[in-house]
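Reading the structure
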Amino acid sequence: MTNPAYPHLLQPLDLGFTTLKNRVIMGSMHTGLEDRFYNYGKLAAFYRERAAGGVGLIVTGGISPNRQGWLLPMGGTLNFLGDVPNHRRVTRAVHEEGGKILLQILHAGRYGYQPFVVSASDKKSPISPFKPRALSERDIESTIRAYARCAKLAKQAGYDGVEVMGSEGYLLNQFLCARVNKREDGWGGPIENRMRLALDVVRRIRQAVGPNFIIMYRHSVLDLVEGGNTWDEVVTVARALEAAGVTILNTGYGWHEARVPTIVTSVPRAAFASVAGRLREEVGIPVVASNRINMPHEANELIARGDADMVSMARPFLADASFVAKAAAGRADEINTCIGCNQACLDHTFANQRASCLVNPRACHETELVYARTAKPRRIAVVGAGPAGLSAATVAAERGHAVTLFEASNRIGGQFNVAMQVPGKEEFAETIRYFGRKLEMTGVNVQLNRRVTREELLAGAFDEVIVATGVRMRKPAIPGIEHPKVLSYLEVLRDKAPVGKRVAIIGAGGIGFDTGEFLLHDPSHPLPQPVATWTGEWGVDLKVGTPGGLVKPVPAHPFRQLWLLQRKTTRPGAGLGKTSGWVHRAALQRGGATMLAGVQYDRIDDAGLHITVGGEQKLLEVDNVVICAGQESLDELTAPGATGGPAFHKIGGAVLAAELDAKRAIREGAELAARL
Ligand code: FAD
Ligand code: NAP
Ligand code: SF4
């Protein structure tokens, strides 16, 4: 029976020996929990919630088939019988909820952040300090055996199949492309030799596990690096993989070392789906689309138009375990949408921390952050409807408390209303939509246009008051700061104050960079950026007419001339997110912005901004100076030492403005509300 909500996405898929209940795959994500045996209970709880939420097929984080393949020292490995009981906890949990799960076998090759790294050649990767050892022919044979043993153990552990990770620049991809494969033996040279390892791995896994076991292969269809494969080579490999026994062909885009973003929020939704569509015409097995697909509508559409048989979404399942169930019930407006920020998932992984999610702090903390129904309902006032207040209000109300939410402005969302004005950050509006719906569903009494005072709160018969009033902008003490050419980022982004063609930005933090991108954008160009504009700017050929699909970028003409300034002598933007900061820096560089560090601000006057850099005085002849110099806490409501009345709690910016981001704001709101 087809589901009227998303008929293509929610249609079952018959694989012959087994049927998947819908076309949705939860893609592989390294959570950090899979690396330690004592975390497998938490890992099982994480997957249990996703299986209960209706996803058709789950893929685990990458598990190495041997020690050389570790991504990190002591990373998750499945290569002896003693590892099987841990994995059984995971498969049992998923099966009890009616789900299916594959183990991803990932050999990192030269991407391993550990000293045992190996690869097709000894060519070091730009993203790991360790130089790899080139595998000998004997090593290659033992690596193939390790893959087959890992798959066999996965079957014993109850997995429904395996995904062989062959993309993103990991070992099999390193063998597939001349970029790293410099071998002169039978494993290097023409594509027929370079693909031997991938094919032998698949054949030997098939021999080890028999016919009724899913083998999904993640194939790199667009390498996005020099020395990547051509489209003909991509197709040759895909057809050979099908013949070798692959059940489903997943697709991968971009090596980790690529200088083209593939998953951050500024990448247009479903940007790469057409590449999967072309591959689908070349093979007879189901093909999966992936990357920056985060809502059921796009996923359904791309299956409907024939770009894929299935859709893989990874981070959207950190953001919302019930994504599929909500879609199936026609309640997509209740989905907590992944906004592509990477702040709590990929940035954590790269910092060797447990992954979570900015918009859903319960992700990977399911057994620790529990929103249990309260036995003692209380009257709670939440002041401020920014991310912190929204999170606190909705969790408290969901638990059964009577919540009133006061907001001074005429809308919920706080600073997210400003963030969503930045080109490439349109997704931030989804978080406001989600919380808006959640407020309705949990019955929170929302009072807009109410700047409450302490006296009103004391008179309001509340048991608890949560102060989530956020921050106020910092106004630096620079001579001439009151000059009419000085604007704040709020006047620029929120109030759309007129801005001249030459602009200096004071402060190169996240908001300085965002304001820079806003000012460089030509307002007559549509947002969100259409796929064709985005590929042009980043030099991507979706037809893969060149090796790796790279062509010369065609940057948009910058709309203004910019200077981005900071006092610190470190590189501007050094504090931005590990996996997204480089994208912001590249965008401003492409726009010709001059970034200066070690700046002293002398004064602002009719002539412009006077600065001293490296002991030299300079005048920046600008029309406007935009202040992005950070914030200070805004808390007019608590009175330290006061006794009697309701208990006051502070969260988000109201506690500490330094290094405040929405990740901390939402997490603090949820944690407090879970305790009350
Ligand atoms: P706020 O969002 O400031 O919300 C406070 C709310 O309280 C406001 O709505 C205010 O009107 C209300 N209020 C204040 N006083 C009262 C009162 N007395 N009575 C009633 N209501 C009151 N963070 C990220 O993590 N990632 C990003 O990519 C990111 N990008 C950003 C881009 C821009 C351009 C901006 C401006 C911010 C960005 N941020 C980002 C920061 C993020 O938005 C903030 O960290 C977050 O909004 C802080 O949440 P909060 O709830 O503590 O405060
Ligand atoms: P921020 O990152 O703390 O940056 C503030 C900037 O102002 C710094 O460049 C600082 O550099 C400068 N500054 C501080 N005090 C100053 C003073 N007295 N005079 C002149 N310059 C001063 O803060 P933000 O950019 O306002 O961002 C706020 C928060 O939002 C951040 O913590 C960030 O996490 C979050 N955010 C994140 C993103 C993202 O993409 N992840 C994007 C936007 C915002 P110097 O001190 O060196 O001059
Ligand atoms: Fe998506 Fe950001 Fe959550 Fe990662 S942290 S899953 S990118 S919303």
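Please read all numbers here as calculations on a predicted model, not as lab measurements.

Regarding the overall build of the chain
Scanning the chain from terminus to terminus reveals 21 helices and 27 strands. Taken along its principal axes, the extent of the C-alpha atoms in the chain is 75 × 65 × 45 Å. The 676 residues of the chain split such that 60% are buried. If you take every contact in the chain between residues at least 6 apart in sequence, the share linking residues at least 24 apart comes to 72%.

Notes on the packing of helix α6 (residues 196-209) against helix α7 (residues 231-244)
Where α6 contacts α7, the axes come no closer than 9 Å and their chain directions differ by 15 degrees. In terms of orientation, α6 lies roughly parallel with respect to α7. Both α6 and α7 take part in a crossing whose hand is right-handed. Across the interface between the two elements, Ala198, Leu199, Val202, Arg203 and Arg206 from α6 touch Ala240, Leu241 and Ala244 from α7. Residues belonging to the contact of α6 with α7 are distributed by class as follows: six nonpolar, no polar and two charged.

As for the sheet that holds strand β27 (residues 647-650)
What the five strands build is an open sheet, ordered β15-β14-β13-β16-β27; its pairing is parallel. Both outer strands of the open sheet, β15 (445-447) and β27, are each paired with one neighbouring strand and no more. For this sheet, the mean angle separating the axes of adjacent strands, direction not counted, is 20 degrees. Direction of pairing for strand β16 (residues 464-467) relative to β27: parallel, over a ladder of four bridges.

Looking at the site of ligand 3
As a matter of local geometry, ligand 3 sits amid Arg315, Leu318, Cys338, Ile339, Gly340, Cys341, Asn342, Ala344, Cys345, Cys357 and Leu358. More than half of the atoms of ligand 3 fall within 2 Å of the grid points belonging to the largest cavity. Looking at the shell around ligand 3, its residues break down into eight nonpolar, two polar and one charged.

Digging into the environment of Met313
The residue Met313 is located in strand β12 (residues 310-313) in this model. On the accessibility criterion, Met313 (1% relative accessible area) is buried. Through-space distance from the C-alpha of Met313 to that of Arg292 is 7.7 Å; in sequence the pair is 21 residues apart. The residues contacting Met313, other than those within four sequence positions of it, are Val24, Ile25, Met26, Gly27, Ile293, Asn294, Ala299 and Phe323.

Some remarks on the site of ligand 2
By nearness alone, 23 residues border ligand 2, and Ala508, Ile511, Arg567, Lys568 and Leu660 come closest of all. Residue Gln631 places a side-chain N or O atom 3.1 Å away from an oxygen atom belonging to ligand 2. With respect to ligand 2, the backbone of Leu660 contributes an N or O atom lying 2.9 Å from an oxygen atom. Here ligand 2, which alone exposes 890 Å², has 77% of that area covered by the protein. Ranked by residue count, the leading element in the shell around ligand 2 is helix α18 (residues 510-520), at three residues. By residue class, the composition of the shell around ligand 2 is eight nonpolar, eight polar and seven charged. Here the shell around ligand 2 spans two domains, since at least three of its residues come from each of domain 2 (379-471 + 633-675) and domain 3 (475-522 + 557-629).

A look at the packing of aromatic side chains
According to the stated counting rule, one finds twelve aromatic pairs in the structure shown. Between Phe46 and Tyr47 the ring centres are 5.0 Å apart and the planes differ by 55 degrees, which places this aromatic pair in the tilted class. Classification of Phe46 as buried rests on a relative accessible area of 1%. Tyr47 sits in the buried class, given a relative accessible area of 1%. Their ring planes at 85 degrees and their centres at 6.1 Å tell us that Phe406 and Phe462 sit as a pair that is edge-to-face. Taken together, the residues span a long stretch of sequence, with Phe406 in strand β14 (residues 402-406) and Phe462 in the loop between α16 (454-459) and β16 at a distance of 56 residues. Accessibility classification places Phe406 together with Phe462 in one group, the buried group. Through pairs of rings, three or more aromatic residues link up here, namely Tyr253, Phe272 and Trp534. Above the ring of Phe116, the side-chain terminus of Arg67 is found at 4.1 Å from the ring centroid. Stacked on the ring of Trp582, the Lys or Arg Arg259 has its end atom at 4.2 Å from the ring centre.

A closer look at the confidence of the model for the chain
In the predicted model, the chain carries a mean pLDDT of 97, and the fraction of residues at 70 or more is 100%. Of all secondary-structure elements in the chain, the lowest mean pLDDT belongs to strand β26 (residues 631-633), at 93, while strand β8 (residues 161-166) reaches the highest, 99.

Some points on the domain arrangement of the chain
Once the domains are mapped, the chain shows domain 1 (13-260 + 337-350), domain 2 (379-471 + 633-675) and domain 3 (475-522 + 557-629). Centre-to-centre, using C-alpha coordinates, domain 2 lies 31 Å away from domain 3. Contact with domain 2, which involves six residues of that partner, is made by ten residues of domain 3. Between domain 2 and domain 3, roughly 670 Å² of surface is buried when both sides are summed, and carbon and sulfur atoms account for 68% of that area. Across the domain 2-domain 3 interface, the total number found is one salt bridge. Between Lys425 and Asp514 there is a salt bridge, with its nearest N and O atoms 2.6 Å apart. Linking domain 2 to domain 3 there are two residue pairs in polar contact (both at pLDDT 80 or more). Counted by class, the side of domain 2 that touches domain 3 contains three nonpolar, two polar and one charged residues.

Thoughts on the pattern of salt bridges
Within this structure, the stated rule accounts for 44 salt bridges. In this structure, Glu96 and Arg48 form a salt bridge, with 2.8 Å as the shortest nitrogen-oxygen distance. One end of the pair, Glu96, is in helix α2 (residues 84-96); the other, Arg48, is in helix α1 (residues 40-52), and 48 residues separate them in sequence. Among the charged side chains, a network of salt bridges with common partners joins Arg269, Arg292, Glu298, Glu427, Glu430 and Arg433.

Let's talk about empty space enclosed by the protein
Counted according to the given criterion, the structure contains one cavity of 30 Å³ or more. Forming the walls of the largest cavity are 15 residues, and the residues nearest its centre are Cys338, Cys341, Cys345, Cys357 and Leu358. Looking at the lining of the largest cavity, its residues break down into ten nonpolar, four polar and one charged.

Observations regarding the sheet that holds strand β18 (residues 486-488)
In spatial order, the strands read β18-β25-β19-β20-β21; together these five strands make up an open sheet with parallel pairing. The sheet terminates laterally at β18 and β21 (594-596), the two strands that pair on one side only. In this sheet, adjacent strand axes meet at a mean angle of 20 degrees when their direction is disregarded. When β18 meets strand β25 (residues 624-627), the two strands line up parallel, connected through three bridges. Bridging across to β25, Leu487 finds its partner in Val626.

Definitions and limits used
- Residues numbered from 1 in each chain as written.
- Chains lettered and ligands numbered in written order.
- Predicted model: local features only at pLDDT ≥ 70, side-chain atom pairs only at ≥ 80, totals over all residues.
- Heavy atoms only, no water.
- Helix = DSSP H or I, 4+ residues; strand = E, 2+ residues; numbered from the N terminus.
- Buried < 20%, exposed > 50% of the residue type's maximum accessible area, 1.4 Å probe, protein only.
- Contact = heavy atoms within 4.5 Å.
- Axes fitted to C-alpha atoms, helices over the stretch in contact; angles between N-to-C directions.
- Parallel < 35°, antiparallel > 145°, perpendicular 65-115°, else oblique.
- Left-handed = near helix turned anticlockwise from the far one by under 90°.
- Nonpolar A, V, L, I, M, F, W, Y, C, P; charged D, E, K, R; others polar.
- Pairing = 2+ DSSP bridges.
- Near = heavy atom within 4 Å.
- 1 Å grid on protein atoms, 1.4 Å probe; cavity = no way out; pocket = protein on both sides within 12 Å on 5 of 7 lines; lining within 4 Å.
- Sits in = over half its atoms within 2 Å of the grid points.
- Polar contact = N/O pair within 3.5 Å; in protein donor to acceptor, adjacent residues only side chain to side chain.
- Areas by Shrake-Rupley, 256 points an atom, 1.4 Å probe, with all protein chains shown as cover.
- Domains from an automatic or database assignment.
- Phe/Tyr/Trp six-rings, centres within 6.5 Å; stacked < 30°, edge-to-face > 60°.
- Lys NZ or Arg CZ within 6 Å of the ring centre and 35° of its normal.
- pLDDT = per-residue confidence, 0-100.
- Buried area = accessible area lost by both parts, 1.4 Å probe.
- Salt bridge = Lys/Arg side-chain N within 4 Å of Asp/Glu carboxyl O.
- Points joined across faces, edges and corners; volume = space filled by probe spheres on them.

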